[in-house]
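# A look at the structure
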Amino acid sequence: MIYLDNNATTKPSPAAAQAAHIATTTLFANPSSIHRPGQEARRAVELARQELASLLGVLPRELVLTSSGTESINLAVRGVLEARTNRKSAGPQGSARGVQTSPPRAAAPPPTIVTTRLEHTAVRDLAIHLERQGRAEIRWLPLDSRGIADPAALEALLDSRTALVSVQWANNETGVIQPVERLAEICRAAGVPFHCDAVQWVGKMPMPEALPCDLLTFSAHKFHGPKGVGGLWVRRGVGLVPQTIGTQETERRGGTESVAAIVGAGVAAREAAVWLADPAARAKVAALRDRFETKIVARAPAATVNSQQCPRLWNTTNIAFPHLEAEAMLMLLSERGLAASAGAACSSGSLDPSPVLLAMGIPEPLAHGSIRFSLSRDTTDAEIDEAIEIVVAAATQLGRSSASTR
Ligand code: PLP
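Please read all numbers here as calculations on a predicted model, not as lab measurements.

### Notes on the pattern of salt bridges
It is possible for side chains of opposite charge to pair when their charged atoms get near one another. Tallying each qualifying case throughout the model produces 19 salt bridges. Glu46 is paired through a salt bridge with Arg42; the nearest N and O atoms lie 2.9 Å apart. Residue Glu46 and its partner Arg42 are located together in helix H3 (residues 36–56), separated by 4 residues, close to a single helical turn. Given the relative accessible area of 27%, Glu46 is considered partly exposed.

Here it is in structure tokens:
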């Protein structure tokens, strides 16, 4: 099977897989234990944390290790929201112990979360969930005609009710890069915390000298680490209420650490840093992606590339096959040995077109037949050659049967 779906990058590197495998049997002691095996496990966790911090260019103690990008996002969004609510309720309305000293006022409107319709479901659905619970109100950040968040519009959305802005660095379906540095600048000027979902960025793109945001989410399985390790970087001074109570992670995320997976994640971070140090390596895969796009557009009937004019990650392409259903195409591709996906993996299997593509202004008939292909640093020329033939043959076959029923 040729993996040109999200799993292209989620395949653990041999070194990361081996390190995690060995740690499973050698570092099984609880890293919170005082005895020597426990302290060896602790040391392994802290070494891995150092590797992850070094990939991000931050201090190890600023990282909260979690089980996934999704958990990190929940910690960031819920944690900041709760910290704000706590601050407000300890304000002039209550004494330091939270005892009411004046009559209660009518319920204040909930705080707002500013985000985009392009976010991964981990952010988008969480924001919608919090809104339904009455704990927050969403303000959707407008996008320009290319589907890029509009910094000028952000300024207008920020006010004293804004608890948090959350915008992804790069999109999982299209690879489109958002202007997070500019958005973060605006948030900083307004004194609003800015969370960046950098799951698709970390390990694939170099980090700037200083992180532009206040909180940043990453996930090890997106850079060839094992599944089950995510992280949240939190700038010192940012108020965050833990969402899983416990002593671990300096009381910011309770639960015994998944030592073996964290060890594997540390190895993956070190390898990613080495790979990122050579811009030619990225350019090589980008050229493969470009060749893939050019050949498909030239040979598959009416195929077009979504968001081709936007700044994009080197590894992602999203191609529309008009008149075709993405699900039928995915099944045929899979039968012929090519794994790809439509929309986010968690929403594949549904017949609805990707909300991300619709939010980017891609017309519904095109979004229905759009397929996302993701390359990894390991994708080879031969795989791309074979994938081109598989995609062209599948699109031609489905195009014929679709034309006969139209
Ligand atoms: N954010 C983005 C942009 C993603 O692509 C993903 C996963 O694909 C997530 C968040 C969720 O990360 P995880 O799978 O580690 O929960």
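Having seen it, we continue.
### A short note on the sheet that holds strand E7 (residues 215–219)
Working definition: the strands of a sheet are paired by backbone hydrogen bonds and lie parallel or antiparallel to each other. Strands sit in the order E2-E8-E7-E6-E5-E3-E4 across an open sheet of 7 strands; the sheet is mixed. Each edge of the sheet is formed by a strand with only one pairing partner; in this case those strands are strand E2 (63–66) and strand E4 (137–140). Here the average twist between neighbouring strands, direction ignored, is 20 degrees. Together, E2, strand E3 (112–115), strand E5 (162–168), strand E6 (194–197), E7 and strand E8 (230–234) form the strand contacts of helix H4 (residues 69–89), whose direction differs from that of E7 by roughly 160 degrees. Together, E3, E4, E5 and E6 form the strand contacts of helix H5 (residues 121–132), whose direction differs from that of E4 by roughly 135 degrees.

### Looking at the packing of helix H2 (residues 14–26) against helix H9 (residues 259–276)
Contact geometry for H2 and H9: axes closest at 7 Å, N-to-C directions at 155 degrees. Taken together, H2 and H9 sit at an angle that is classed as roughly antiparallel. For the pair H2 and H9, the sense of crossing is right-handed. Residues Ala15, Ala16, Ala19, Ala20, Ala23 and Thr24 of H2 form the contact with H9, whose own contacting residues are Ala260, Val263, Gly264, Val267, Ala268 and Glu271. Grouping the amino acids of the contact of H2 with H9 by side-chain chemistry returns 9 nonpolar, 2 polar and 1 charged.

### Some thoughts on helix H11 (residues 326–335)
The complete set of buried residues in H11 reads Ala326, Glu327, Met329, Leu330, Leu332 and Leu333. Taken from the residues just after H11, Gly337 is the one with a positive phi, measuring 100 degrees.

### Some remarks on the packing of aromatic side chains
Using the criterion set out here, one finds 3 aromatic pairs in the structure. For the pair Trp275 and Trp314, a centre-to-centre distance of 5.1 Å together with 50 degrees between the ring planes defines the contact as tilted. Of this pair, Trp275 sits in helix H9 while Trp314 sits in the loop between strand E9 (304–305) and strand E10 (316–320), placing them 39 residues apart in sequence. Taking relative accessible area as the criterion, Trp314 reaches 7% and is therefore assigned buried. On the basis of an interplanar angle of 70 degrees and a centroid distance of 4.9 Å, the ring pair of Phe292 and Phe373 is categorised as edge-to-face. Of this pair, Phe292 sits in helix H10 (residues 279–299) while Phe373 sits in strand E12 (residues 370–374), and the two are 81 residues apart along the sequence. Assigned by exposure class, Phe292 and Phe373 land together as buried.

What counts as what
Residues numbered from 1 in each chain as written. Predicted model: local features only at pLDDT ≥ 70, side-chain atom pairs only at ≥ 80, totals over all residues. Heavy atoms only, no water. Salt bridge = Lys/Arg side-chain N within 4 Å of Asp/Glu carboxyl O. Helix = DSSP H or I, 4+ residues; strand = E, 2+ residues; numbered from the N terminus. Buried < 20%, exposed > 50% of the residue type's maximum accessible area, 1.4 Å probe, protein only. Pairing = 2+ DSSP bridges. Axes fitted to C-alpha atoms, helices over the stretch in contact; angles between N-to-C directions. Contact = heavy atoms within 4.5 Å. Parallel < 35°, antiparallel > 145°, perpendicular 65-115°, else oblique. Left-handed = near helix turned anticlockwise from the far one by under 90°. Nonpolar A, V, L, I, M, F, W, Y, C, P; charged D, E, K, R; others polar. Phe/Tyr/Trp six-rings, centres within 6.5 Å; stacked < 30°, edge-to-face > 60°.

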